Amino acid sequence: MTFFLQQVVDGLTTGSVYALIALGYSMVYGVLKLLNFAHGDIYMVGAFIGYFVLQAFGGATALVAPVAVVLIAMFAAAALGAGLLGVGIERFAYRPLRESPRIAPLITALGVSFFLENAVLLLFGSETRLYSTSSFIPFSTGVHVAGVNISLVRILVVVLAAVLMVGLRVLVERTRLGKAMRAVAFDREAAEMMGIQVDRTISATFFIGSALAGVAGVMAGLVFDQVFSLMGFIAGLKAFTAAVVGGIGNVPGAMLGGLLIGLAESFATGYISSTFQNLIVFGILIGVMLLRPNGLLGRATLQKV
Amino acid sequence: MTRPLLELDHVTLAFGGLHAVEDLSIAVGEGEIVSLIGPNGAGKTTLFNLITGVYAPTSGDIRVAGRSIAGLAPHRIAGLGVARTFQTLRLFVNMSVKENVMAATYGHTSARMWQSVLRTPKARREEREVNALAEEVLGFFSQRLMGYRWDQPAYSLSYANRRRLEIARAMATRPRVLLIDEPAAGMNPQETHEITDLIARLRDERGYTILAIEHDMHVVEGISDRVIALDHGQKIAEGSFEAVATNPLVVEAYMGRGTAVTKG
Amino acid sequence: MSTPNDAPPRIGVDEWVARSGERRDRGSGPSAAIVRALERVGWWQRLAVIAAIVALFPLLTSSDYAVRVGVNTLLLATLALGLNVVVGWTGLLDLGYVAFYGFGAYGFALLSSNQLGSSGIHLPSLLAIVIVVVAAALLGLLLGLPSRRLQGDYLAIVTLFFGQIFVETVTNVAPKVTGGPNGVVGIDPLNFFGLEVTTTRGYFYVLLIVTVVIMGALHLIDSSRTGRGWRAVREDPLAAALMTIPVNKVKLLAFSVGAAVAALAGTIFAAFQAGAYPTDFDTPFLILVYAGVILGGSGSIAGAVLGATVVSVTLELLRNPSQAATLFYGLILLTLVVRVRPWRKLGAVLAALVAFGFAVHAVIGAISASAVAGHPRSGGWVGDALGSWVVVPADPKGPGNIAFVVLILGLVALVQLKGTARTVLLVPLLYLAAFVWETRLVAEASITRQILLGAILIVMMNARPQGLLGSKRVEVL
Amino acid sequence: MNARDPRSHGRRWAAAAASATLLAFGLAACGSSSGNSGSGSQTSANAGSQTGASTGSSGGKACTAAIGIEAPITGQVAQLGGEQLHFTQFALDQYNQKNGTSFSLVQGDTQLTPAQATTVTQQFISNDKIMAIVGPAGSQEVSAIGPLASRANLAMISGSATAAALTDGGKYPTFFRVVPRDAVQAANDADYIIKTLRPKQVMIVDDQSSYSTGLAAAVEPLLKQAGIQVDHESVNQKQTDFSSVVSKITPETGVVFLPWQVATSSQQFGQNLSEQGKKAVIFATDGSYSPGQFRSPGAYVSSFAPDITAIPEDADLARQIKARYGSFGTYGPPYYASAIVAADAIDAVCRSGQTPTRANVLAQVRKTSAATSILGQPIRFDAKGDLVDAKFSIFKVGPDGRYSAVPSA
């Protein structure tokens, strides 16, 4: 039981991070039908912003402000910075290609990804930075259930992710902006004729999606400690997977996909074999995709013939 | 009526609990032109999808020249001589006009990839035949799709020409039955008139058996040997144009939805 | 290479006929003459001429390095040709493609080394290649099976898994067989009927023949029944099925052909490198192959080869800082010449730029001597020429980093601005670019290489979304 | 080639022809300019020593040559490569300044892939200024480029390729390394674990890299021979959370052996351990030796050198490097040593009045006999290219994260 619970906790934390990144992937895909491969790198930039805010407050071991204030500042700065970065990328790299075949922005996205990864490498160097979270949020400040120590950081990450996802769902379902986003996703030209400001809606989508990735970056820094220029590559790949497995373009699907991959990873390691973890996870996912060819929550779009 | 070439025998198609087509029986004789009419959502295009294998019937049987085709894959049905056009044009838009037509001969040719690479006599002969067929089929539309247009990408054709190309492409599959979905939709009166003539020529000169969906009652009147009216996936009337057009059930089906029978 | 009409094509807009005269009369001067001359001869004559020119290349250079870059380029070109079948023609987003390259390499490695059995297996190369390529074609069929059910991005993700599974498998499963992370070493060189290929030039010619044969074969397939079937499936799978094309079979065939081509490249690569290692077949390399296909123009045979060439050669040129500098300044100058019109304005900008530089250098030098104490990092005449023009502080790292960020923000602003303000901003930005290059980018040559690759991809795709040799396409979503 | 327009077809072929010609010229440029390609990056190495070059000490004329570095400067393990590059650059700058030489550094980014390492090596071979290679980083890269470098008589001096097989049987006669081979470290570590830590059970976790699997494979049988139960796990190098593996650690597991390449990952493993309240002790290898990054209290780290920050002669150097490039771990110092070996060899050739060639530099590298080095130990190579008298030290990480050497068992 203890062992099982431990795997659940691990899976949920990793899964929450994947899910938050996947949300941005999915939202952008929804409105532009673009696989934004640079999304993982926006997450990386978010993690770096969080790191520098932490340093600005004196660093992990010598914080000059209450922990809560620092955390809020880190998340806010990362969300804002990453959000603006996302908007900028859309404006300058993707917008000129909006009418082009879908494959062109795909390669542009790869270019943006190369650019961001290496620009950060140039600016901040190759060394791995550490958040050293345990210095200001000790592991002992968690919850102990059935012999499992669930640290406060993990609780914070999972809860924050859940809150953000619910918030996003409300935004998409209830607000004017959400309606505009859905309309653009459904049919851009029609939306434009209905008086929806398509450019602005797409910018807003990029902002929100990227901000979520920025928050995910800080979360990753808090839980996994390490921040480096290429951390976005593999996380982006996992998030892409999560988004597709959940049903791309679908918000709850991205959450589900992220959690599924997180849990599959921890259970594969815990119960079967750490060596073959990835093989097992990929095997499971291929199975899921073959059973549900449009993702878990994706609906098969009825083709109009 | 001559020997039926296309037969639908008590065909039902259900999506979950919803019956899109219910217990429908239709027969189209060889060389006949039959029009399908009915209000929007009556199940006309769904019926085409059933015949061409996009959907498999939930129950019942569909036969072409006596052979059951229910449940076969679409390309097999097409290979057995059932071709169609689409209401929402589905050309291979980034291929040239001629290639669109040539692509549709796939099922009637058999050169393997290695034969094409080595340009074996068989592959060359087939290629020559396919080429000739494409030119001949496009020639059917006289000046509209001739010569200089062959190398033009399909997307750059005008709307009416794209409709014509759809028919040309269907002709290249060597069909016996041609299913034409709203040939006159979006056409101006002049073009509509031309289409009416064209459909008649398709039967007279090429000997196709034609089942057409059409909203324009002038066209329906002009082309049909027989008219079948559908509503809610069921046949509500069948017979000559006059008989069907004045059938109270048909009138009600249209009027009930606020549409006049004679539009356009 | 720009087309007269830069707007994307639209359905139903019949510009084709209207522009036919324009197409015919376009261009005068030598380039148009070459175009017309080439149009007069058949495709295989053209291919032969180009192959002959490329075949001269190893004779013109004494450098093994240049020939090796040629080999790498031809490998990438072959891979791009195979991927073009799957992605460009059949429209299947296959993200596991590079696994077949790896499969070919490992397959050849195991059949031509001491890895298996007590004294190893050493098959004649031709036999080993045939076995491996056929096996890869069958494997391609197998991995293409999900394409029966999955479409678009869903297919992409499953093929991505297959690619990852390949790397994981050779790394972790049965390391005794595949050598684990250390790979298989000591692979026999290619040998044909007692003739061993051991030199870089030898491999260059083997690959050149392979590439040319594949190009020819693909050209013939493209204009055959099979090629039309592939492209019809890409355009509209449902319509294709209703036009007698067995869609699933056609898709599997495409996967299979792509896999076979990739595996063929893999076998030659393994023999050339005399080793097969898992890290050579990971996602970053896949990205390069994709970049080649799409940059060249998805769907075009010549485009795939050209795109791969551009990617490969650019990456090599960027490896060498002095060539990178030429490329950097050259591209900036070229952009200016193309984009800043009329000539008078261009002249003004350049003059202002020169004056601006000397002024800044003088002012900053007067304020602080250490701020101009450094020397431009570009060596040779470029560095000397820029010596008293561009400011280089004694410790350039911090200012260089800041300038890098400011430069990017400045470029963003530049795109937003219009008219005179734009021209005025251009001058300090160009100066800033030189500053960043001399202070930071040259010093971090390897990182700069990646940054520039990213920037080139972005700029190229924005300048020509259909790729260098691709034709404009309409996409129906 | 969709729209079969013969005209556009011809145009494309023309463009292809044009670009093929362009390619030919481009490649020719690659080849012809490789002779002076050093000039581009030359300045990057001696930028800090503009004055050094003029105070030539060896026979009036400055000893000029280039040294190539092969390291994963970008890509997934840029953390390692960056450090290797910085130390090498720093070493050469300092060397030039001290000895009045003019050695430049040419960067070769391999991203730790053999394919790129091969191309880079060929580039270095074509550049006739390059007299020696510092690197490459990975053992699989050494086996890929070994034959090429041997044919060109080009010495390669690695500071991190430790696979035992590389020096077995003299396969690569131009290969040298300033770090001990796996077998030395494995024996040393196993010995300490068996005799001093005496656990009932050990969990070995490799990170699926060439470095890691080699060490794990060497240690495992030694532990088993001593009657210790071994549980072998493996994680992907790109992974950042190890909670699931940590949760598999049983109370009987006394030691977790981590032969990992990335120190911060070991640190994360330690975090996960303490988070779950597990009592097992981490025993990490030289890949994790990084006082700034791996500081899990109570853990052990083995390293081929005493802490360079603790060697008084090195203290100043460590401070300077830190000021210039930021914190560093285990990968830099050996590259500093490698660079010095290369520089010394070339300088020795110059001093003897000869013009450096690859062959005489190689011979000189083979004769290397440095009484001391940044690694705190003499550097001499045996006939196979391995370090003579290689020693390993074991450190314990204190509660404050400081490393202190423990007496070996």
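Every value quoted in this text rests on a predicted model; they were computed, and no experiment measured them. (Residues numbered from 1 in each chain as written. Chains lettered and ligands numbered in written order. Predicted model: local features only at pLDDT ≥ 70, side-chain atom pairs only at ≥ 80, totals over all residues. Heavy atoms only, no water.)

**Digging into the overall build of chain A**
Argument step 1. Counting secondary structure elements, chain A contains 11 helices and four strands.
Argument step 2. Scaling as 2.2 N^0.38, a compact globule of 305 residues should have a C-alpha radius of gyration of about 19 Å, and chain A matches this with 19 Å.
Argument step 3. If you line up chain A on its principal axes, its C-alpha atoms span 60 × 45 × 35 Å.
Argument step 4. Counting every position in chain A, which comprises 305 residues, the buried fraction comes to 62%.
Argument step 5. Of the contacts made within chain A by residues no fewer than 6 positions apart, 78% connect residues no fewer than 24 positions apart. (Helix = DSSP H or I, 4+ residues; strand = E, 2+ residues; numbered from the N terminus. Rg over C-alpha atoms; globule rule 2.2 N^0.38 Å. Buried < 20%, exposed > 50% of the residue type's maximum accessible area, 1.4 Å probe, protein only. Contact = heavy atoms within 4.5 Å.)

**What about a positive patch on the surface?**
All names here are of chain C.
Argument step 1. Together, Arg-339, Lys-345, Lys-418 and Arg-422 make up a positively charged patch on the protein surface.
Argument step 2. Tracing the sequence through the fold places Lys-345 in helix α17 (residues 343–367).
Argument step 3. Among the residues examined, Lys-345 registers a relative accessible area of 34% and is labelled partly exposed. (Patch = residues over 30% accessible without salt bridge, like charges linked within 9 Å, V, L, I, M, F, W, Y side chains within 5 Å. Areas by Shrake-Rupley, 256 points an atom, 1.4 Å probe, with all protein chains shown as cover. Salt bridge = Lys/Arg side-chain N within 4 Å of Asp/Glu carboxyl O. Lys, Arg positive; Asp, Glu negative; His and termini not counted. Charge placed at Lys NZ, Arg CZ, Asp CG, Glu CD.)

**Observations regarding the pattern of salt bridges**
Argument step 1. Scanning the model with the defined rule gives 43 salt bridges over all chains in all.
Argument step 2. Across the pair A:Arg98 and A:Asp199 runs a salt bridge, and its minimum N-O distance is 2.5 Å. Here the residue A:Arg98 occupies a position in the loop between α3 (67–94) and α4 (103–124), and A:Asp199 occupies one in helix α8 (residues 198–224), the gap between them amounting to 101 residues.
Argument step 3. Residues joined by salt bridges that share partners form a network here, namely A:Asp10, A:Arg154, D:Asp241 and D:Glu275.

**Regarding the packing of aromatic side chains**
Residues and elements named next belong to chain A.
Argument step 1. Following the criterion strictly, the structure yields 45 aromatic pairs over all chains and no others.
Argument step 2. Between Phe-3 and Tyr-271, the ring centres sit 5.3 Å apart and the planes meet at 80°, which makes this aromatic pair edge-to-face. Taken together, the residues Phe-3 in helix α1 (residues 2–32) and Tyr-271 in helix α10 (residues 251–272) connect sequence positions 268 residues apart.
Argument step 3. Look at Tyr-271 and you get partly exposed, because its relative accessible area is 45%. (Phe/Tyr/Trp six-rings, centres within 6.5 Å; stacked < 30°, edge-to-face > 60°.)

**Regarding unusual backbone geometry**
Argument step 1. Cis peptide bonds are those with omega within 30 degrees of zero, and the linkage from D:Gly135 to D:Pro136 qualifies with -5°.
Argument step 2. Mapped onto the fold, D:Pro136 is located in the loop between β3 (130–134) and α5 (139–151).
Argument step 3. Even without being a glycine, C:Thr244 presents a positive backbone phi close to 70°.
Argument step 4. Here C:Thr244 lies in the loop between α12 (237–242) and α13 (247–273).
Argument step 5. Looking at C:Thr244, the relative accessible area reads 2%, which means it is buried.
Argument step 6. The phi dihedral of D:Leu112 is positive, around 60°, even though this residue is not glycine.
Argument step 7. As for its placement among the helices and strands, D:Leu112 is situated in the loop between β2 (102–109) and α4 (114–126).

**Concerning the packing of helix α9 (residues 231–246) of chain A against helix α11 (residues 277–291) of chain A**
All names here are of chain A.
Argument step 1. For the pair α9 and α11, interaxial distance at closest approach is 10 Å and the crossing angle is 30°. Comparing their axes, α11 and α9 come out roughly parallel. The two elements α9 and α11 meet at a crossing, and its hand is left-handed. Between α9, through Thr-241, Val-244 and Val-245, and α11, the contact on the second element is made entirely by Leu-285, Val-288 and Met-289.
Argument step 2. For the contact of α9 with α11, the residue count by class is five nonpolar, one polar and no charged. (Axes fitted to C-alpha atoms, helices over the stretch in contact; angles between N-to-C directions. Parallel < 35°, antiparallel > 145°, perpendicular 65-115°, else oblique. Left-handed = near helix turned anticlockwise from the far one by under 90°. Nonpolar A, V, L, I, M, F, W, Y, C, P; charged D, E, K, R; others polar.)

**Let's talk about a nonpolar patch on the surface**
All names here are of chain C.
Argument step 1. A grouping of Leu-331, Leu-333, Leu-334, Val-337, Val-338, Trp-343 and Leu-350 is seen on the molecular surface, where their side chains present a nonpolar patch of about 650 Å² in accessible area.
Argument step 2. Listing elements by their share of the nonpolar patch, those giving two or more residues are α16 (321–339) and α17.
Argument step 3. At five residues, α16 tops the list of elements feeding residues into the nonpolar patch.
Argument step 4. For Leu-334, the location among the structural elements is in helix α16.

**Concerning the state of the cysteines**
Each disulfide consists of one covalent bond between the sulfur atoms belonging to two cysteines.
All names here are of chain D.
Argument step 1. Scanning the entire structure with this criterion turns up one disulfide over all chains.
Argument step 2. The disulfide that involves Cys-63 links it to Cys-350, with 1.8 Å between the sulfurs. On the S-S bond that ties Cys-63 to Cys-350, the torsion sits near 65°, and the link is right-handed. In this pair, Cys-63 sits in the loop between α2 (38–46) and β1 (64–71) while Cys-350 sits in helix α11 (residues 332–351), placing the two residues 287 residues apart along the sequence.
Argument step 3. The class of Cys-350 is buried, set by a relative accessible area of 15%. (Disulfide = S-S within 2.5 Å.)

**Brief notes about α8(A)**
Residues and elements named next belong to chain A.
Argument step 1. With 27 residues, α8 extends 38 Å from end C-alpha to end C-alpha; this agrees with the ideal 39 Å at 1.5 Å per step.
Argument step 2. The element α8 is largely enclosed, with a buried count of 24 among its 27 residues.
Argument step 3. One or two residues past the end of α8 sits Asp-225, with phi positive at roughly 70°. (Expected span 1.5 Å × (residues − 1).)

**Concerning a negative patch on the surface**
Argument step 1. Taken together, the side chains of A:Glu99, A:Asp187, A:Glu189 and A:Glu192 define an acidic patch exposed on the protein surface.
Argument step 2. Mapped onto the secondary structure, A:Glu192 falls in helix α7 (residues 188–193).

**What to know about the confidence of the model for chain B**
Residues and elements named next belong to chain B.
Argument step 1. In the predicted model, chain B carries a mean pLDDT of 89, and 96% of its residues have values of at least 70.
Argument step 2. pLDDT under 50 marks residues 259–264. Its contacts with residues more than four places away, or in other chains, come to 11 contacts.
Argument step 3. Both scores are given for the predicted complex: the pTM is 0.90, the ipTM 0.89. (pLDDT = per-residue confidence, 0-100.)

**So, the sheet that holds strand β6 (residues 82–84) of chain B**
All names here are of chain B.
Argument step 1. Pairing is mixed in the open sheet, where six strands are placed in the order β6-β7-β8-β3-β9-β10. The open sheet has two edge strands with one neighbour each: β6 and β10 (234–239). Each neighbouring strand pair of the sheet contributes to a mean axis angle of 20°, computed without reference to strand direction. (Pairing = 2+ DSSP bridges.)

**Re helix α21 (residues 445–463) of chain C**
Argument step 1. Look at α21(C): 26 Å from first C-alpha to last across 19 residues, which is about the 27 Å you get at 1.5 Å a residue.
Argument step 2. By the criterion of burial, α21(C) is predominantly enclosed, with 14 of the 19 residues buried.

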